Amino acid sequence: SAKRMAGKGDLPDNLRYSKWDHIEVSDDEGDSHPNIDQKLMARLKKEKRSRDYEEFRKLHPEAPDPIRAEELEVTRSRTVVNSSKTETEEQKQALKKKDEGNKAFSKGDYAEAEALFTEALTLTAGLDVSDPSMIDARKQRAVFFNNRAAARANQKNNDGVIEDTTAAIKLDYRYVKARLRRAQTYEEMGKVKEAYDDFKRAMSYDPNNAAARGGVDRLQVAVDALAESKLVEIKIPDVIPENRIIKCMVEGHGEIELELPEDAEPGQTIRLQMDEEEETKEDEEEGGGGVHKHGA
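The notes below deal with the structure included here.

What counts and how
Residues numbered from 1 in each chain as written. Predicted model: local features only at pLDDT ≥ 70, side-chain atom pairs only at ≥ 80, totals over all residues. Heavy atoms only, no water. Core = buried A, V, L, I, M, F, W, Y, C linked by side-chain atoms within 4.5 Å. Buried < 20%, exposed > 50% of the residue type's maximum accessible area, 1.4 Å probe, protein only. Helix = DSSP H or I, 4+ residues; strand = E, 2+ residues; numbered from the N terminus. Contact = heavy atoms within 4.5 Å. Phe/Tyr/Trp six-rings, centres within 6.5 Å; stacked < 30°, edge-to-face > 60°. Salt bridge = Lys/Arg side-chain N within 4 Å of Asp/Glu carboxyl O.

Digging into the nonpolar core
Part 1: Of all hydrophobic cores here, the largest spans 17 residues; its most connected members are Phe145, Ala168 and Tyr175.
Part 2: The set of elements that each furnish at least two residues to this core consists of helix 4 (110–123), helix 5 (135–153) and helix 6 (158–171).
Part 3: Ranked by the residues each element gives to this core, the list is headed by helix 5, at five residues.
Part 4: Aside from chain neighbours lying at most four places away, what touches Phe145 is Leu121, Asp164, Ala167, Ala168 and Leu171.
Part 5: In this structure, Tyr173, Ala212, Val216 and Leu219 belong to the second largest nonpolar core, which totals 16 residues.

A short note on the packing of aromatic side chains
What describes a pair of aromatic rings is the distance from one ring centre to the other and the angle between the planes of the rings.
Part 1: Under the criterion given, the structure shown has two aromatic pairs.
Part 2: With a centroid separation of 5.1 Å and 65° between ring planes, the pair formed by Phe105 and Tyr110 is classed as edge-to-face.
Part 3: For Phe105, a relative accessible area of 27% corresponds to the partly exposed category.
Part 4: Looking at Tyr110, the relative accessible area reads 25%, which means it is partly exposed.
Part 5: The interplanar angle of 85° and the centroid separation of 5.9 Å between the aromatic rings of Tyr173 and Tyr205 together place this pair among those described as edge-to-face. Of the two residues, Tyr173 is situated in the loop between helix 6 and helix 7 (176–188) and Tyr205 in helix 8 (residues 192–205); the sequence distance between them amounts to 32 residues.

As for the pattern of salt bridges
Opposite charge on two side chains permits them to pair, given that their charged atoms come into close proximity.
Part 1: A full pass over the atoms with the stated rule returns ten salt bridges.
Part 2: Between Arg148 and Asp164 there is a salt bridge, with its nearest N and O atoms 2.8 Å apart. Of this pair, Arg148 sits in helix 5 while Asp164 sits in helix 6, and the two are 16 residues apart along the sequence. You'll find Arg148 and Asp164 in the same group, each marked buried.
Part 3: Glu187 is paired through a salt bridge with Arg218; the nearest N and O atoms lie 2.8 Å apart. With a gap of 31 residues between them, Glu187 in helix 7 and Arg218 in helix 9 (residues 210–229) connect regions that are remote in the sequence.

In short, geometric facts, not functional conclusions.
What follows is the structure, given as structure tokens:
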């Protein structure tokens, strides 16, 4: 029989514009729009997915079969992130020690608080917090380290504070509280550049944090002065080598090689910023997005 073009009469009522009271255009136009027949839309989508997948299988015969919804539910149940339901006995005991440490801290017994936070850390030391499913345990240990750092800070143990806050940051590089505590301790120790870097990094994670912004503003002048003090003047020789590389002695750095820029001229004096060699920052490993919230 001869084929004919589909006309308006072939459309179901719910797809005929004439059957609608009115047509709406909204910001959230989509599958949830009130004028869309949800059951019909679901069936059409399912049929389209099936056709698309058949076409895909023709091009890629080695492709696996699609996963059924019930299989997906099983998979989800196997990949639940470590939570209170899956906490180990050690984690539960460690949390109790943390709570006891907080109470001791609030009473001003900082030595006892430090000891209790240390017990919490010892109890969780054997956990493989590198496993993505153990993110809760990873954050818990970061909190234990930061809390012990607070206890040590109140005992004027600055080296211990730096050690613990650095450990917390390695576990959670966006842990603003730990970074601020380390910044404040560095500032007390006179390590202006290190303090400034931590304040600035904390502000990048939490722009509205008053302590971070205040630290950056407070130390900016000192950091600028420090950078100025590291400028050294080097005089370009009267004869520039063909490869444009010269050797010169710089106080505190010994003999250095310097490749001159194309516009450098004989007898000219140039100023160089001599920075200390930066250590590899193990605490800046990417570990998640957003500012991480922690309990005390």
